[in-house]
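Residue-level structure breakdown
Listed below are the residues making up each chain.
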Amino acid sequence: MKAPEAHETGTCKPTHRYWALRVIWIRDTQALLLSPGTLVIVWLSALISYLFLVNYVDTVAESGLNILSSSFNLPVHSFVLTVSFFLTVAVITTVARDMERGTLEILFYGPVDSVAYVGGRMLACATAYGAALALGTCGYGILTLISGFVLPVSTWAVIGLSIPVALYLIAFGICLSAVTGKLRAALGWFMALALLLLAVQFGPLLLNLAPSASQYYDPVRVLRGALDSVDRIASWISPFGLLAQGTEAVRRGDAPHALVTAVVATLYAVVLTVGGMRFLLPRGMHP
Amino acid sequence: MNLTRRCQACLAGLALLLSLQGLTTPTWAQDPGRTEELVYLVNARLGGAYESSYYTADRNTLYLVADVPSVISLRRTLVYFWPITNQLKADLDALNEQIEGTLVVRQAGRDVAQLDLTAYVIQYAEGKGKSPGQLFVGDEAPAQWERFDTARSAYREAVSQYFQDTLRYRQDLDAAIAANALEDEPSAPPPEPAPFYYSSTPVNRGHVIELPIGTYQIVLQGPNGEPVPGSQKRLVVFPSTGEGVAYSVIPHDRYTFPETSQDAREAIYLRGDAKAYLQPFSQVEYRELYLSRLQDPQSWGGRADRFAWFRLAEIKDAQLVAYRRGREIARIERRPYVVRQITGAALGYEIHDQTTTNLERLQERRPDFYGYALDAAKLPAGTKIQLEDATGHPYPGSQRTVRILDSGQLGWSIVLPTAPFLAVVLIAGARRRRFTRLPREME
């Protein structure tokens, strides 16, 4: 294929953009897949999943009986969330560092524009996530054969559903880096928002364990109700909420609901990716 | 004055002191304050039974299941806060005044129904939980109450007769033993009367309501045509969102700790040598929020975007069929089982098939439960089970996967999570790390 010609600063011809995107994609994918961090995270996620399954087997061995809707849901959730969380932190670090160090400006004077840059990074993360998921799924398959656990269709559906959710989380990380422009700020915001969304999702469950002190003046009850109301909205915004919602829909066999969840997550991923591209262009270029 | 008299005098003085103490010291028994309030008493049909609850003035929404008859009535009663359960309680024994009037049901501003007060009774032929509840309204209500009362009186007479017969039988037996006149086996004792499970509410009056799915407004119009203050409420009439079969799975050695399987997508995992007994129940699914509010109007739990199963009656006329790769491999009959508590250091329970047990004492007992036995040792890998009726039709939602887990094989698989890690490290080490380069013209 013939190489593209020289470009104008800040914008790219489609051919240039394709080349740049491809290069960023391949380089980032290689870097992600072969970095010790990714390997350690994938290994840890697999180990956590394995421990969940061993725990189930031990329960059966001790009590003789266990009833599970999907023995792989918890392992898959832990795997998916750990890997996607790691990839998001990795992409935040890369983008924010490129902005902080002025690398982005140099790239934008070169044959790279924000579309190629963000697109390449997104594709790299998606590929790395897909590879990690494929590894994990192979492991689950082998464990199924060894242990006798069922790997039901619903688990495959949850694995499929996790892809748009992970992309949404990664796109959110890119957008956040583009908006803040600073590594510390981007990581801080990401951690804070992630913790907030997790608190909103699991807060009502934890507060349900707290006994009510009074029928009329019970701050815990008010907080529980408030968190529940917030969670109802957050479950359509938070990637964790979307994953939980989708998993529940899959468990109930509610295919339309599961599909809606996947579409919503994809939509968010696209919007945030485009948002990242838009935000990155003015912020990447120093005046 | 002897010692006894002195003691008596001391005791009398002490008693006098204690009684005076009682007069002066305030009593600390807590009496919660009661306030007069209008409450809606609801007999809501849920599954096959009627759930009784009351909605105090602070509850703005009532919940009922769609397309089944329920009964609601407005009462004036005393309401108090009970801190132990953290709930508002209605003291219906102290005050239970029926508010007369017509219940008007509105939807989107127009009247949907006007319901007058009518007499009703709710009865269970075999007791609540064992037979479906029946609602009798209008003229039928007192007639059914009479029927129940007659049956109850007959049972009382039968019990009384039984005690008399038993007493006479024992006296005769004692007399025969005393006279040494007992030559053969004594005659059988008088038979116990059949247990009386038939139950009924007294004849009450209420508004019988049966509405399709929707959100309504209700208000009670008094005899003067004016709405009764405090009677206006929102009414949510909700449908079931699914039907299925729940299994209560009783492990052979843990009779008191059964597990429950509610979903057809669930798998029952058994140890290779385990035995379990399945008791099937029909069940319906509702939105969690509506179900929890219907069962307890003062509950704060439950969400409308989550779902919960509600268990109905036990399924008795079915066979459990086991399949493997689509082929029937076994038909398991419903059998009576009796439970024996193991005495001694081991403790625990043993479950015996009553039809085959050789323990005479267990053969004579009433069965503790009926169920279908699953023996892991006899089941091949990858078995699926489902309930079928007499015509061979499967019960929807009764399918389950049964798997036998072998914990011994999992030990060495600890290497598995590490395998991808090692593989990638080896590949990465073996290969030179190559990055795709930009075309020369672009550099």
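Residues numbered from 1 in each chain as written. Chains lettered and ligands numbered in written order. Predicted model: local features only at pLDDT ≥ 70, side-chain atom pairs only at ≥ 80, totals over all residues.

Things to note about the overall build of chain B
- For chain B, the helix and strand inventory stands at 5 helices and 25 strands.
- In chain B, buried positions account for 24% of the 443 residues. (Helix = DSSP H or I, 4+ residues; strand = E, 2+ residues; numbered from the N terminus. Buried ≥ 20, exposed ≤ 12 C-beta atoms within 10 Å, placed from the backbone.)

Concerning the overall build of chain A
- A count of helical and extended segments in chain A gives 10 helices and 1 strand.
- Tracing chain A from N to C terminus, the helices and strands come up as α-α-β-α-α-α-α-α-α-α-α.
- Sorting the 287 residues of chain A into buried and exposed places 48% on the buried side.
- A separation threshold of at least 6 residues defines the contact pool for chain A, and within that pool the share at least 24 residues apart is 80%. (Contact = placed C-beta atoms within 7 Å.)

So, the sheet that holds strand β1 (residues 65–68) of chain A
- In space, the 6 strands of this open sheet follow the order β1(A)-β16(B)-β25(B)-β24(B)-β19(B)-β20(B), with mixed pairing throughout. On the outer flanks of this sheet lie β1 of chain A together with β20 (327–332) of chain B, each paired with one strand and no other. In this sheet, adjacent strand axes meet at a mean angle of 30° when their direction is disregarded.
- Contacting β1 of chain A together with β16 (267–271) and β25 (400–405) of chain B, helix α2 (residues 36–63) of chain A crosses the sheet at an angle of about 140° to β1 of chain A. (Pairing = 2+ DSSP bridges. Axes fitted to C-alpha atoms, helices over the stretch in contact; angles between N-to-C directions.)

Topic: the pairing of strand β13 (residues 233–238) of chain B
Residue and element names in this part refer to chain B.
- When strand β3 (residues 61–65) meets β13, the two strands line up parallel, connected through 5 bridges. Bridging from a neighbouring strand, T61 pairs with R234 of β13.
- Pairing of strand β12 (residues 214–221) with β13 involves 5 bridges; the strand directions are antiparallel. Bridge assignment links T215 to a residue of β13, and that residue is V236.

Details of the nonpolar core
- In terms of nonpolar packing, the biggest core is built from 110 residues, with Y168, I170 and A171 of chain A together with L270 of chain B touching the most fellow members.
- For this core, the leading source of residues is helix α6 (residues 153–180) of chain A, giving 15 residues.
- Not counting residues within four places of it along the chain, the set of residues in contact with A171 of chain A comprises M122, A269, L272, T273 and G276 of chain A.
- With 41 residues, the next largest nonpolar core counts Y40, A44, L88 and L103 of chain B among its residues. (Core = buried A, V, L, I, M, F, W, Y, C linked by C-beta atoms within 7 Å.)

Examining helix α9 (residues 239–252) of chain A
Residues and elements named next belong to chain A.
- Helix length check: α9 (14 residues) gives 20 Å between terminal C-alpha atoms against 20 Å at 1.5 Å per residue, within 8%.
- By the criterion of burial, α9 is predominantly enclosed, with 11 of the 14 residues buried.
- Taken residue by residue, α9 has P239, F240, G241, L242, L243, Q245, G246, T247, A249, V250 and R251 as its buried positions.
- Positive backbone phi, approximately 75°, marks G253, located one or two places after α9. (Expected span 1.5 Å × (residues − 1).)

Some thoughts on unusual backbone geometry
All names here are of chain B.
- Positive phi, close to 60°, is recorded for D67, a residue that is not glycine.
- On the basis of neighbour count, D67 is assigned to the partly exposed category, with 13 C-beta atoms found within 10 Å.
- Although it is not a glycine, A108 adopts a positive phi angle of roughly 50°.
- The residue A108 is located in the loop between β6 (102–107) and β7 (110–115) in this model.

Describing the pairing of strand β19 (residues 319–324) of chain B
Residue and element names in this part refer to chain B.
- Note that β19 and strand β24 (residues 383–388) share 5 bridges and pair antiparallel. When the bridges of β24 are listed, A322 appears paired with I385.
- Both β19 and β20 contribute to a ladder of 5 bridges, which runs antiparallel. Of the residues in β20, the one forming a bridge with L320 is I332.

Things to note about the sheet that holds β12 of chain B
All names here are of chain B.
- Across the sheet, 5 strands lie side by side as β3-β13-β12-β6-β7; this open sheet has mixed pairing. Pairing within the sheet leaves two strands with one partner each, and these edge strands are β3 and β7. Neighbouring strand axes in the sheet, compared pairwise and without regard to direction, differ in orientation by 30° on average.

Notes on the confidence of the model for chain B
- Per-residue pLDDT for chain B has a mean of 86; in total, 84% of the residues score no lower than 70.
- Scored by ipTM, the complex comes to 0.76, with pTM at 0.77. (pLDDT = per-residue confidence, 0-100.)

Considerations on the environment of I122 of chain B
Residues and elements named next belong to chain B.
- By secondary structure assignment, the location of I122 is in strand β8 (residues 118–124).
- For I122, a count of 22 C-beta atoms within 10 Å gives the class buried.
- Between the C-alpha atom of I122 and that of A141, which follows or precedes it by 19 residues, the distance is 8.5 Å.
- Not counting the four nearest positions on each side in its chain, I122 is found in contact with N43, Y50, G133, L135 and T201.

Quick notes on the environment of Y290 of chain B
Residue and element names in this part refer to chain B.
- Considering the arrangement of structural elements, one finds Y290 in helix α3 (residues 288–295).
- Put simply, Y290 and R303 are 13 residues apart on the chain and 8.1 Å apart in space, counted from C-alpha to C-alpha.
- What Y290 contacts, discounting residues up to four positions off in sequence, is Y63, V236 and F238.

Topic: the packing of helix α3 (residues 73–101) of chain A against helix α5 (residues 114–147) of chain A
Residues and elements named next belong to chain A.
- Interhelical geometry of α3 versus α5 gives an angle of 155° and a closest axis separation of 11 Å. One way to sum up the angle between α3 and α5 is to call them roughly antiparallel. For α3 against α5, the interelement crossing comes out right-handed. In contact with F79, V83, S84, L87, V91, T94 and V95 of α3, α5 contributes R121, C125, A128, Y129, A132 and G136. (Parallel < 35°, antiparallel > 145°, perpendicular 65-115°, else oblique. Left-handed = near helix turned anticlockwise from the far one by under 90°.)

What about the packing of α6 of chain A against α9 of chain A?
Residue and element names in this part refer to chain A.
- Put simply, α6 and α9 touch, their axes get as near as 10 Å, and they point 160° apart. It follows that α6 is roughly antiparallel to α9 by the angle criterion. Taken as a pair, α6 and α9 cross one another with a handedness that is right-handed. On the side of α6, the interface is formed by S154, A157, V158, L161, S162, V165, Y168 and L169, while α9 contributes P239, L242, L243, G246, T247, V250 and R251.
- Split by residue class, the contact of α6 with α9 holds 10 nonpolar, 4 polar and 1 charged. (Nonpolar A, V, L, I, M, F, W, Y, C, P; charged D, E, K, R; others polar.)

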